[in-house]
Amino acid sequence: MGSSKPTIRSIAAAAGVSRGTVDRVINNRAHVNPDVRARVQRIARELGYQIQPSKEGSALRIGVIVSQWEVPYFTEQTRHGIRQAVRLLSTHEVRLIVEELHSRSTDEYVKCCEQLLQQGIHGLVINAPDNLIMQAQLVRVVEAGVGVTTYNSDLPQSPRLCFVGQDQVQCGRIAGGLMHLAINGQGNLLIITGNMEFHRRRVDGFCSRLSELGYTPDRFEIIECYERYDLTCDTVAHYLRDHPHTCGIYMSTESVLGCMHGIHQVHFPRHVHVIANDLTPLNRKLLRTGSLDFVLQQEFSAQVYEAIMALYDFLIHDRKPRTSVKYVSTTVITPEMV
């Protein structure tokens, strides 16, 4: 029936079933109709697929890749979401293989994906930069018969099952409207982002709302600071010196402390309105002191938890997510709320 090497995908296509069903058959898991099991086994043999028991037994293996964040809050929140999933799945035949990265380099993401494939994962949950290399990598992962969900940062052009995270465009638009109210439509604006491969949609939403409110492009500037404290601090200080009419800064990234230190270095003659994301311990403190005007809070730990559960549902029960995108809620936090 062909000379190409048989895969879970090719067996599923020949048997007229999902890849999840094939995976359960070849790993001798439950919840498969006996007739379907027999048909899959027969087709697997005809295609030359060698069914070998996994060294890990029949457990479903889901790889979870955790990004490297400068601020510990985000790693802690991600771990919390993973622990929630582990507790819920502890009575099921599921093993989560968690890999925490040491950088945000695309090379490290690709290497980690390949290592997880070698460990025989059935599913992958990932927060990764949206670029052509990672899109191609996820194509390779899916073609190997592995289901993929993304969280926090999406790759919409990839063959992932679904994305769980914040509606970043809407978040940016909310921030743009709040900034307009805070500065009363006056002065210049600085937009600090980490890496546009992670934060492009948030910045796009902010800028589109400003344009609707009548701000011309010469009134604001976007600068990538790659979540680095030192680069953020120097960038903010330099911009304020060169633009004495600056009234607001939108921090679409982690290094809020760098922003604050940059403002203090310049001894700026007026209050600079700052809007940031995520209610980290630092941002909570800065809200109390009036250094931050608003924080846009997202359900961070829920993102990885929901992404794991959506993948589990697909692999075990053949239930695809109802939509390709599932947004968590965004809440505007003011100083009065903390």
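The shown structure was predicted, so the numbers you read here are calculated from the model rather than taken from an experiment.

1. Thoughts on the pattern of salt bridges
And then number 1: Counted by the stated rule, this structure contains 12 salt bridges.
And then number 2: The residue Arg79 makes a salt bridge to Glu100 at a minimum N-O spacing of 2.8 Å. Of this pair, Arg79 sits in helix H4 (residues 72–89) while Glu100 sits in strand E2 (residues 94–100), and the two are 21 residues apart along the sequence.
And then number 3: Notably, a salt bridge pairs Asp154 with Arg160, separated by 2.8 Å at the nearest N-O pair. In this structure, Asp154 and Arg160 share a single accessibility class: buried.

2. Side note on the side chain of Glu227
And then number 1: Assignment of secondary structure puts Glu227 in the loop between strand E7 (220–224) and helix H9 (229–242).
And then number 2: Taking relative accessible area as the criterion, Glu227 reaches 7% and is therefore assigned buried.
And then number 3: Not counting residues up to four positions away in its chain, the partners in contact with Glu227 are Glu70, Arg104, Gly194, Asn195, His199, Thr253, Glu254 and Ser255.

3. Structural notes on a nonpolar patch on the surface
And then number 1: There is a patch of nonpolar side chains on the surface, built from Tyr229, Leu257 and Leu282 and spanning about 230 Å² of accessible area.
And then number 2: Its place among the elements puts Leu282 in helix H11 (residues 281–289).

4. Structural notes on the environment of Asp204
And then number 1: Its place among the elements puts Asp204 in helix H8 (residues 196–212).
And then number 2: The class for Asp204 is partly exposed, based on a relative accessible area of 41%.
And then number 3: Separated by 36 residues in the primary sequence, Asp204 and Gln168 have C-alpha atoms spaced 8.8 Å apart.

5. Brief notes about the pairing of strand E9 (residues 273–277)
On any regular strand, side chains alternate: one points to one face of the sheet, the next to the other face.
And then number 1: Along E9, five of the five residues are buried, which leaves the element largely enclosed by surrounding structure.
And then number 2: Burial along E9 is two-sided: His273, Ile275 and Asn277 and Val274 and Ala276, pointing in opposite directions, are all buried.
And then number 3: Chirality of the crossover, the property in question, places the unit of strand E8 (residues 246–252), helix H10 (residues 256–266) and E9 among those that are right-handed.
And then number 4: Taken together, the three bridges between E9 and strand E10 (residues 294–298) define a ladder with parallel strand orientation.

6. Some points on the sheet that holds strand E5 (residues 162–166)
And then number 1: Strand order in the open sheet formed by six strands is E2-E1-E3-E4-E5-E11, and the pairing between neighbours is parallel. On the outer flanks of this sheet lie E2 and strand E11 (325–328), each paired with one strand and no other. Direction aside, neighbouring strands of the sheet carry axes that sit 15° apart on average.
And then number 2: Pairing between strand E1 (residues 60–66) and strand E3 (residues 123–126): four bridges, direction parallel. Along E3, the bridge assignment pairs Ile62 with Gly123.

7. Focus: H4
And then number 1: Over its 18 residues, H4 runs 26 Å from end to end, which matches the ideal 26 Å to within 8%, given 1.5 Å per residue.
And then number 2: Those residues of H4 lying buried are Tyr73, Phe74, Thr75, Thr78, Gly81, Ile82, Ala85 and Leu89.
And then number 3: Check the buried side of H4 and you find it contacts E1, E2, strand E4 (147–151), H11, E10 and helix H12 (300–317).

8. Quick notes on unusual backbone geometry
And then number 1: For Asn152, which is not glycine, the phi dihedral falls at a positive 65°.
And then number 2: Examined against the element boundaries, Asn152 turns out to sit in the loop between E4 and E5.
And then number 3: The phi torsion at Glu227 lies on the positive side, around 60°, for a residue other than glycine.

9. Remarks on H12
In an α-helix, one full turn covers 3.6 residues, which means residues spaced three or four apart are oriented alike.
And then number 1: In this model H12 runs 26 Å from its N-terminal to its C-terminal C-alpha over 18 residues, within 8% of the 26 Å that 1.5 Å per residue would give.
And then number 2: Burial analysis of H12 places 14 of its 18 residues in the buried class, the great majority of the element.
And then number 3: Looking one or two residues past H12, Asp318 carries a phi angle of roughly 60°, positive in sign.

Reading guide: rules and limits
- Residues numbered from 1 in each chain as written.
- Predicted model: local features only at pLDDT ≥ 70, side-chain atom pairs only at ≥ 80, totals over all residues.
- Heavy atoms only, no water.
- Salt bridge = Lys/Arg side-chain N within 4 Å of Asp/Glu carboxyl O.
- Helix = DSSP H or I, 4+ residues; strand = E, 2+ residues; numbered from the N terminus.
- Buried < 20%, exposed > 50% of the residue type's maximum accessible area, 1.4 Å probe, protein only.
- Contact = heavy atoms within 4.5 Å.
- Patch = residues over 30% accessible without salt bridge, like charges linked within 9 Å, V, L, I, M, F, W, Y side chains within 5 Å.
- Areas by Shrake-Rupley, 256 points an atom, 1.4 Å probe, with all protein chains shown as cover.
- Right-handed = clockwise from strand over helix to strand, strands pointing away.
- Pairing = 2+ DSSP bridges.
- Axes fitted to C-alpha atoms, helices over the stretch in contact; angles between N-to-C directions.
- Expected span 1.5 Å × (residues − 1).

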